[in-house]
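Understanding the architecture of this molecule
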Amino acid sequence: MRSKDSGSTGAPKCIGLTHDNLIKRAFGANQLNQYHSEDVILNWLPFDHIGSISDHHIRCVILGCHLVYAAKEYILSNPLNWLNL
């Protein structure tokens, strides 16, 4: 029997997000976490993951901060690479 879970535990399911949803979430995360344009953000989630788009890319574009992308394989091969970056 196939799992009904989504994401990494089963078959992915699409969730409809509007532009307004994504923008408001980015503004809210920036405000809640007190992020600033001077911050440097590290993202190692793959580009096909919604977290990469919504939690990092859009949020950082709105802030105008510096965003560093690292390949997930680089981090997963040695988790200390995350701390070194």
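These remarks concern the structure in this document. Throughout, a residue's number is its position along its own chain's written sequence, starting from 1. Only residues with pLDDT of at least 70 are given local features in this predicted model, and only at 80 or more are side-chain atom pairs given and counted; all residues enter the totals for whole chains, interfaces and linings. Side-chain figures throughout are based on the complete set of non-hydrogen atoms in the structure, without hydrogens or water.

Observations concerning the overall build of the protein chain
Going by this rule: Only runs of H or I of at least four residues qualify as helices and only runs of E of at least two qualify as strands under DSSP, and these elements are numbered from the N terminus. Burial classification: accessible surface area is computed with a 1.4 Å probe over protein chains only, and a residue below 20% of its type maximum counts as buried, one above 50% as exposed, and the rest as partly exposed. By definition, residues are in contact when any of their heavy atoms lie within 4.5 Å. In short, Shrake-Rupley with a 1.4 Å probe defines the accessible areas, and a residue's cover is counted only from the protein chains shown.
A tally of helices and strands in the protein chain yields four helices and two strands. In the protein chain, the succession of helices and strands from N to C terminus is α-β-α-β-α-α. By the burial criterion, 22% of the 85 residues in the protein chain qualify as buried. Of the contacts made within the protein chain by residues no fewer than 6 positions apart, 59% connect residues no fewer than 24 positions apart. Carbon and sulfur atoms provide 60% of the accessible area of the protein chain, an area that totals close to 6,500 Å².

Digging into the side chain of Asn81
In this structure, Asn81 sits in helix H4 (residues 80-84). Asn81 sits in the buried class, given a relative accessible area of 10%.

Topic: helix H2 (residues 50-63)
Count 3.6 residues to each turn of an α-helix, and residues three or four apart come out pointing the same way. Selection criterion: One fewer than the residue count of a helix, multiplied by 1.5 Å, yields its expected span. Bend at a residue means the angle formed by two fitted axes: the first through the 7 residues ending at that position, the second through the 7 residues beginning there.
Taking 1.5 Å per residue as the helical rise, H2 with its 14 residues ought to reach 20 Å, and the 19 Å between its terminal C-alpha atoms agrees with that figure. Most pronounced at His57, the bend in H2 amounts to some 25 degrees. Looking at H2, one finds that the buried residues are Gly51, Ser52, Ser54, His56, Ile58, Arg59, Cys60 and Leu63. Its buried side turned inward, H2 meets helix H1 (19-32), strand S1 (40-43) and strand S2 (66-69). Within two residues after H2, Gly64 carries a phi angle of roughly 80 degrees, on the positive side.

Considering the pairing of S1
The line we're drawing: Criterion used throughout: strands pair if DSSP finds at least two bridges between them. Crossovers are described as right-handed under a simple rule: with the strands pointing away from the observer, the path leading from the first strand over the helix to the second runs clockwise.
Along S1, the buried face is formed by Ile41 and Asn43; none of Val40 and Leu42, which line the opposite face, is buried. Of the pairings in the sheet, the one linking S1 to S2 comprises four bridges and is parallel in character. Residue pairing across strands places Leu42 opposite Val68, the latter belonging to S2. In this view, the connection linking S1 to its parallel neighbour S2 by way of H2 has right-handed handedness.

Side note on the nonpolar core
Threshold: Definition used in this section: a nonpolar core is a set of buried Ala, Val, Leu, Ile, Met, Phe, Trp, Tyr and Cys residues joined via side-chain atoms within 4.5 Å.
Counting residues in hydrophobic clusters, the biggest one holds five residues: Ile41, Cys60, Leu63, Cys65 and Leu67. When neighbours within four sequence positions are excluded, Leu63 is seen to be in contact with Asn30, Tyr35, His36 and Ser37.

Some words on the side chain of Asn43
What counts here: Here a polar contact means two N or O atoms within 3.5 Å. Within protein one must be a hydrogen donor candidate and the other an acceptor candidate, and residues neighboring in sequence count only if both atoms are side-chain atoms.
Considering the arrangement of structural elements, one finds Asn43 in strand S1. Classification of Asn43 as buried rests on a relative accessible area of 0%. A distance of 2.9 Å separates the side chain of Asn43 from the backbone nitrogen of Leu45, its partner in a polar contact. Look past the residues within four positions of Asn43 in its chain and what remains in contact with it is Ser52, His56, Leu67, Val68, Tyr69 and Ala70.

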